[in-house]
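Fold and geometry: a report
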Amino acid sequence: MYNHILVPIDGSQQSDRALDHAIKLSMHGYPNARITIIHVSPQIILNEPLMSVPLSDTLAEEGQKIIEPASAKLMENRVAFKSVTLTGDPSTTICHQADTDGHDLIVMGSRGVGLMSEIFLGSVSHGVIKHANCPVLIIK
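Below: a short report on this structure. No experiment lies behind these values; they were computed from the predicted model shown. (Residues numbered from 1 in each chain as written. Predicted model: local features only at pLDDT ≥ 70, side-chain atom pairs only at ≥ 80, totals over all residues. Heavy atoms only, no water.)

Details of the pairing of strand β4 (residues 105-109)
In terms of burial, β4 is a largely internal element, five of the five residues being buried. The alternating pattern of β4 places L105, V107 and G109 and I106 and M108 on opposite faces, both of which are buried. Pairing of strand β1 (residues 4-8) with β4, which is carried by two bridges, proceeds in the parallel orientation. Across the sheet, residue I5 finds its bridge partner in β4, namely L105. In terms of strand pairing, β4 meets strand β5 (residues 136-139) through four bridges, oriented parallel. Paired with I106 across the bridge in β5 is V136. (Buried < 20%, exposed > 50% of the residue type's maximum accessible area, 1.4 Å probe, protein only. Helix = DSSP H or I, 4+ residues; strand = E, 2+ residues; numbered from the N terminus. Pairing = 2+ DSSP bridges.)

With respect to the pattern of salt bridges
Applying the stated criterion across every chain, the model contains two salt bridges. In this structure, D20 and K73 form a salt bridge, with 2.8 Å as the shortest nitrogen-oxygen distance. Of this pair, D20 sits in helix α1 (residues 13-29) while K73 sits in helix α2 (residues 55-76), and the two are 53 residues apart along the sequence. Overall, K73 belongs to the partly exposed group, its relative accessible area being 26%. (Salt bridge = Lys/Arg side-chain N within 4 Å of Asp/Glu carboxyl O.)

Points about the packing of helix α3 (residues 90-101) against helix α4 (residues 123-131)
Put simply, α3 and α4 touch, their axes get as near as 8 Å, and they point 40 degrees apart. One finds that α3 runs oblique with respect to α4. Of the two elements, α3 crosses α4, and the hand of that crossing is right-handed. Contacts from P90, S91, I94 and C95 of α3 reach α4 at V124, G127, V128 and H131. (Axes fitted to C-alpha atoms, helices over the stretch in contact; angles between N-to-C directions. Parallel < 35°, antiparallel > 145°, perpendicular 65-115°, else oblique. Left-handed = near helix turned anticlockwise from the far one by under 90°. Contact = heavy atoms within 4.5 Å.)

As structure tokens, then:
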């Protein structure tokens, strides 16, 4: 039985589908399950400082824009949830969050959007599958 489901979101169609699936699981299959949505902004390291570019503020804004519609969908469906926004390597951060909060299932999209998504297609989901200590359900 699943009691605590982690859903990484990044604004992609796949992560939206993963959230929809997690909502269905919590409403029909596991009515006591609560959901945590997580958005992880990749850590960006610049060798040279850019003038007048508040990069951390921009990433925080982007994360909030992604979290808000997901939160609204969960509230609309009356699903117990919390939201988390973090910065770091997405697959490592997702696995760490799953361990830290005692999640017993991760539901995520097969690929997402982000910097260089064309080059590393599916690398986050692959990393989570490889390193997670709980079951991972991949939604296409």
